[in-house]
Amino acid sequence: MKCWAKNVSPCCSTQSGEHYITKGLFADKMVRVENAPFLGGQSKVISKASLTRNCLCKRHNELLSIYDDEAIRFGEALKYCQQLSAKRRNQKSKSFSVHRKYVNRDLFCRWYVKTFIGLIEFFKYPSVLDVDILAELVYSNEKIGKYVDLSFSMAMNEEFSIIEKVDIAPLEKNEQTLGMQISIYGVRVNGIFSDKPNFKNEPMKINFKEHRKVLSCVVQVQ
């Protein structure tokens, strides 16, 4: 049995396949993966079905579905905002009712950590935290926001677009992997982990503004 959560609680006797990246984030059967560590750093279009590895028992894997659902909620919120912006772009209004979409920060953090665990062995440098500590965060009974430093980033003048692509990169320092960056739908999500409550558990926002710089839609992770 291969299960990275074996030291958190007892495993069951059935092996289970875990997706590297939550398959529900992408509508098509195929997805483009950029800089994939499990593909030796290559960029390739592959089927979602092939993005799996045996690294969890069935019992522990089933407990993760709620975190996958929150990642999907995040993706759907981005899609909604993009579609709303496209609809409003040519309207003559000088102001808009602001639409808000909400994502649970704690559940999203747990999704980020469990995704990192699934990729960790492919990164060049070892993780600053070992797998057992990270697994404890994923299955903790307490909120873990202060152990995970999350942030969003986009380049200046970068155009937001919904595309079936994911980009993965480790965040490194002093020959150690501190966390990773995942690009989903053009938004880069950066995550760094700690075994102590070192980070502020503050809400995060992604603001969508029209060409008149008028606020139209907000994705809030809180």
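Here the residue numbering is sequential within each chain, running from 1 through the sequence in written order. Local features in this predicted model are restricted to residues of pLDDT 70 or higher, and side-chain atom pairs are both shown and tallied only at a pLDDT of 80 or more, whereas totals for entire chains, interfaces and linings draw on every residue. The basis for every side-chain value is the complete set of heavy atoms in the structure, and neither hydrogens nor water enter the calculation.

**Q** Which parts of the structure should I look at to understand empty space enclosed by the protein?
**A** It is the rolling of a water-molecule-sized probe over the atoms that shows where space remains empty. Any residue with an atom within 4 Å of a point lines the site, the site being either a cavity, points on a 1 Å grid over the protein atoms alone where a 1.4 Å probe fits but cannot get out, or a pocket, an open set with protein on both sides within 12 Å along at least 5 of 7 lines. Grid points are joined across faces, edges and corners, and a volume is the space filled by probe spheres set on the points. Scanning all chains against the criterion turns up one cavity of 30 Å³ or more. Secondary structure elements follow DSSP: runs of H or I of four or more residues count as helices, runs of E of two or more count as strands, with numbering from the N terminus. At the level of elements, strand S1 (15-19), strand S4 (52-57) and helix H3 (105-119) are the ones that each hand at least two residues to the lining of the largest cavity. The element contributing the most residues to the lining of the largest cavity is H3, with four residues.

**Q** What am I meant to see in the pattern of salt bridges here?
**A** Once the charged atoms of two side chains with opposite charge are near each other, the side chains can pair. Take a side-chain nitrogen of Lys or Arg and a carboxyl oxygen of Asp or Glu: if they are within 4 Å of each other, that pair is a salt bridge. Evaluation of the coordinates by the stated rule reveals seven salt bridges. Between Glu70 and Arg73 there is a salt bridge, with the nearest N and O atoms lying 3.2 Å from each other. With Glu70 and Arg73 both in helix H2 (residues 65-88), this residue pair falls three residues apart, about one helical turn. The rule is simple: take the accessible area with a 1.4 Å probe, protein chains only, and divide by the maximum for that residue type; under 20% is buried, over 50% is exposed, in between is partly exposed. Classification of Glu70 as buried rests on a relative accessible area of 5%. Among the ionic pairs, Lys196 bridges to Asp195, the shortest N-O distance being 3.7 Å. Judged by relative accessible area, Asp195 falls into the partly exposed class, the value being 40%. Connected through salt bridges with shared partners, the residues Glu18, Asp68 and Lys114 form a single ionic network.

**Q** I'm lost on the sheet that holds strand S5 (residues 99-103) in this one. Help?
**A** Pairing between sheet strands relies on hydrogen bonds along the backbone, with the strands arranged either parallel or antiparallel. Taken together, three strands build an open sheet; the order of strands is S5-S11-S10 and the sheet is mixed. A single partner strand is all that each edge strand has here, and the edge strands are S5 and strand S10 (204-209). Looking at each pair of strands side by side, their axes are set apart by 15° on average, direction ignored. Pairing analysis gives five bridges linking S5 to strand S11 (residues 215-221), with the strands arranged parallel. Following the sheet pairing, Tyr102 is matched in S11 by Gln220. Pairing between strands requires that DSSP locate at least two bridges from one strand to the other. For every element, the axis is a line fit to its C-alpha atoms; helices are fit only across the contacting stretch, and the angle between N-to-C directions ranges from 0 to 180 degrees.

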